[in-house]
Amino acid sequence: MTQAPTPTADTVRRLVRSLLETGPDGTGGPDVRPVREGHGHTWWVGTRHVLRLAPDREASVRRRRELRLRALVRPHLPVAVPTSVAHGDWAPGLAYTLDALVPGGTAERHDVSAVGEADLAGLLTGLRAVPVRQAESIGVPGGAPRSLEALRRMAVHAAERLAAADEFDAARLHQLTPPGAAQLAAQPGAAVLTHHGLTGEHVVVSADGRVRGILDWTEAVLGDPAEDIAGLALSVGSPAAVRAATLAGYGARPCLRGLWLARCDTVLRLGEHLAGRASGDAALLRVRLGRAWEPILLERVTDFKDEEPEP
């Protein structure tokens with residue numbers, strides 16, 4: 001198997017010079033720098049663009065599909081989706097896209113206002129409005145819903161380890177019982193287009209708390225809408241995520257399912273990190289744990305037999 005090339009600053013500069021207007025001798029052009037240290041496949045290009053380089057052929061497939069998907073979802077959403085100003089291959093078989101920067105900060109740095117929650121509700125509503133067949137026709141894969149009971153069992157063991165390290169009160173997970181997890185199983189026929197990566201770094205927020213855009217659509221699947229509710233719980237906190245989902249027309253079942261997916265995930269991820277089995281920023285993992293475990297008005301898993309079906 002051929003080793004994929006490692007992008008360097010010179011590689012990026014040459015590519016950018018071929019794409020953007022430069023001096024008469026082909027030199028100059030905007031400054032380039034990695035978005036994060038140690039992550040050489042995403043680069044800031046001046047102050048107006050971001051260059052994303054696929055590291056392998058599988059990622060290249062997702063990058064090319066993302067271009068089609070962004071065009072499909074854009075008319076349905078009240079928030080911005082990045083626009084590509086150039087795309088192609090930066091090495092044989094390895095895709096790139098040069099995108100116009102969506103102005104604003106991220107949900108990791110800015111709180112979302114009440115109006116921003118309405119923006120998120122519009123996002124969830126718009127995703128549900130995207131025709132499933134059209135998404136399938138451009139290659140968006142299906143994603144099987146996760147078992148909340150299996151996740152709960154793993155989280156219980158991880159919570160005990162976190163409790164021993166004085167990181168978490170393991171008794172908090174007892175709120176989700178096996179019967180409760182069974183009641184919050186994904187409902188048949190509920191698959192919609194999901195972003196499936198609504199972490200704070202992908203949610204663009206302005207200084208006034210409005211949600212201005214959603215980045216990185218490479219992980220999108222046709223699947224469980226509760227996964228996006230869970231992602232928002234990690235990004236903006238559980239109360240805001242549940243309020244946004246409720247505004248979007250989701251009932252108690254998917255809201256609580258998303259809440260508990262997020263809570264179990266955060267316990268597992270911090271546990272894996274502290275055990276040395278996963279990389280990541282421990283401080284960020286603790287922040288996300290705190291967001292997911294913020295209390296909401298409806299904490300209790302009740303009987304949903306008489307609940308109206310989801311629209």
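Everything below is about the structure printed above this text.
Residues numbered from 1 in each chain as written. Predicted model: local features only at pLDDT ≥ 70, side-chain atom pairs only at ≥ 80, totals over all residues. Heavy atoms only, no water.

Caption draft 1: Representation of the overall build of the protein chain in the model. What the protein chain contains, in helices and strands, is ten helices and ten strands. The C-alpha atoms of the protein chain give 21 Å as radius of gyration, which agrees with the globular expectation for 311 residues (19 Å, within 12%). Across its three principal directions, the C-alpha atoms of the protein chain cover 70 × 45 × 45 Å. Counting across all 311 residues of the protein chain, residues that qualify as buried make up 47%. Considering only contacts within the protein chain whose residues lie at least 6 apart along the sequence, 74% involve residues at least 24 apart. Here the protein chain has roughly 15300 Å² of accessible surface; of this, 54% comes from carbon and sulfur atoms. The positive charge centre, built from 36 side chains, and the negative charge centre, built from 37, are 3 Å apart in the protein chain. (Helix = DSSP H or I, 4+ residues; strand = E, 2+ residues; numbered from the N terminus. Rg over C-alpha atoms; globule rule 2.2 N^0.38 Å. Buried < 20%, exposed > 50% of the residue type's maximum accessible area, 1.4 Å probe, protein only. Contact = heavy atoms within 4.5 Å. Areas by Shrake-Rupley, 256 points an atom, 1.4 Å probe, with all protein chains shown as cover. Lys, Arg positive; Asp, Glu negative; His and termini not counted. Charge placed at Lys NZ, Arg CZ, Asp CG, Glu CD.)

Caption draft 2: Representation of the sheet that holds strand S4 (residues 84-91) within the structure. Taking strand neighbours across the sheet as the criterion, the five strands line up as S1-S2-S3-S5-S4 in an open arrangement whose pairing is antiparallel. Here the strands that pair on one side only, and so sit at the sheet edges, are strand S1 (32-36) and S4. Strand-to-strand twist of the sheet, defined as the mean angle between neighbouring strand axes without regard to direction, takes the value 30°. Alignment of strand S3 (residues 49-53) against strand S5 (residues 94-100), held across five bridges, turns out to be antiparallel. Paired with Arg 52 across the strands is Thr 97, a residue of S5. Strands S1, strand S2 (39-45), S3, S4 and S5 of the sheet are contacted by helix H1 (residues 9-19), whose axis makes an angle of about 120° with S3. (Pairing = 2+ DSSP bridges. Axes fitted to C-alpha atoms, helices over the stretch in contact; angles between N-to-C directions.)

Caption draft 3: View of the pattern of salt bridges. Enumeration over the complete set of coordinates arrives at 22 salt bridges. Between Asp 89 and Arg 64 there is a salt bridge, and its shortest N-O distance comes to 2.8 Å. On the criterion of sequence distance, the pair formed by Asp 89 in strand S4 and Arg 64 in helix H2 (residues 57-73) is long-range, its members being 25 residues apart. By relative accessible area, which is 32% here, Arg 64 ends up partly exposed. The residue Asp 265 makes a salt bridge to Arg 146 at a minimum N-O spacing of 2.8 Å. (Salt bridge = Lys/Arg side-chain N within 4 Å of Asp/Glu carboxyl O.)

Caption draft 4: The packing of helix H5 (residues 148-164) against helix H9 (residues 252-274), seen in detail. The contact between H5 and H9 brings their axes to 8 Å, and the two run at 45°. When the axis of H5 is compared with that of H9, the two are oblique. Between H5 and H9 lies a crossing of left-handed hand. Facing H5, whose interface residues are Leu 148, Leu 151, Arg 152, Met 154, Ala 155, Ala 158, Ala 159 and Leu 162, H9 presents Arg 257, Trp 260, Leu 261, Cys 264, Asp 265, Val 267, Leu 268, Leu 270, Gly 271 and Leu 274. (Parallel < 35°, antiparallel > 145°, perpendicular 65-115°, else oblique. Left-handed = near helix turned anticlockwise from the far one by under 90°.)

Caption draft 5: Just H9, in detail. For H9, with 23 residues, the first-to-last C-alpha span of 33 Å sits near the 33 Å given by 1.5 Å per residue. Immediately downstream of H9, the backbone of Gly 276 shows phi near 80°, a positive value. (Expected span 1.5 Å × (residues − 1).)

Caption draft 6: Expanded view of the packing of aromatic side chains. Counting across every chain of the model gives two aromatic pairs. Seen in terms of ring centroids, Trp 260 and Trp 293 are 5.5 Å apart; in terms of plane orientation they differ by 90°. Their pairing is edge-to-face. Taken together, the residues span a long stretch of sequence, with Trp 260 in helix H9 and Trp 293 in the segment after helix H10 (282-292) at a distance of 33 residues. One exposure class covers both Trp 260 and Trp 293, and it is buried. Over the aromatic face of Tyr 250 sits the side chain of Arg 128, whose NZ or CZ is 4.2 Å from the ring centroid. (Phe/Tyr/Trp six-rings, centres within 6.5 Å; stacked < 30°, edge-to-face > 60°. Lys NZ or Arg CZ within 6 Å of the ring centre and 35° of its normal.)

Caption draft 7: Summary view of the sheet that holds strand S9 (residues 211-214). Taken in spatial order, the three strands make up an open sheet running S6-S8-S9, and their pairing is antiparallel. The open sheet has two edge strands with one neighbour each: strand S6 (105-106) and S9.

Caption draft 8: The arrangement of unusual backbone geometry in detail. The residue Asp 166 is not glycine, and still its phi comes out positive at about 60°. Counting through the fold element by element, Asp 166 comes out in the loop between H5 and helix H6 (178-183). A positive phi is found at His 196, a non-glycine position, where the angle reads about 65°. Note on placement: His 196 falls in the loop between strand S7 (192-194) and strand S8 (203-205). In this structure His 196 comes out as partly exposed when scored by relative accessible area, which is 37%.

Caption draft 9: Focus on H10. Taken together, the buried positions of H10 are occupied by Ala 282, Leu 285, Arg 288, Leu 289, Arg 291 and Ala 292. Elements in contact with the buried residues of H10: helix H7 (226-236), helix H8 (238-247) and H9.

Function cannot be read off these values alone, since they describe shape.
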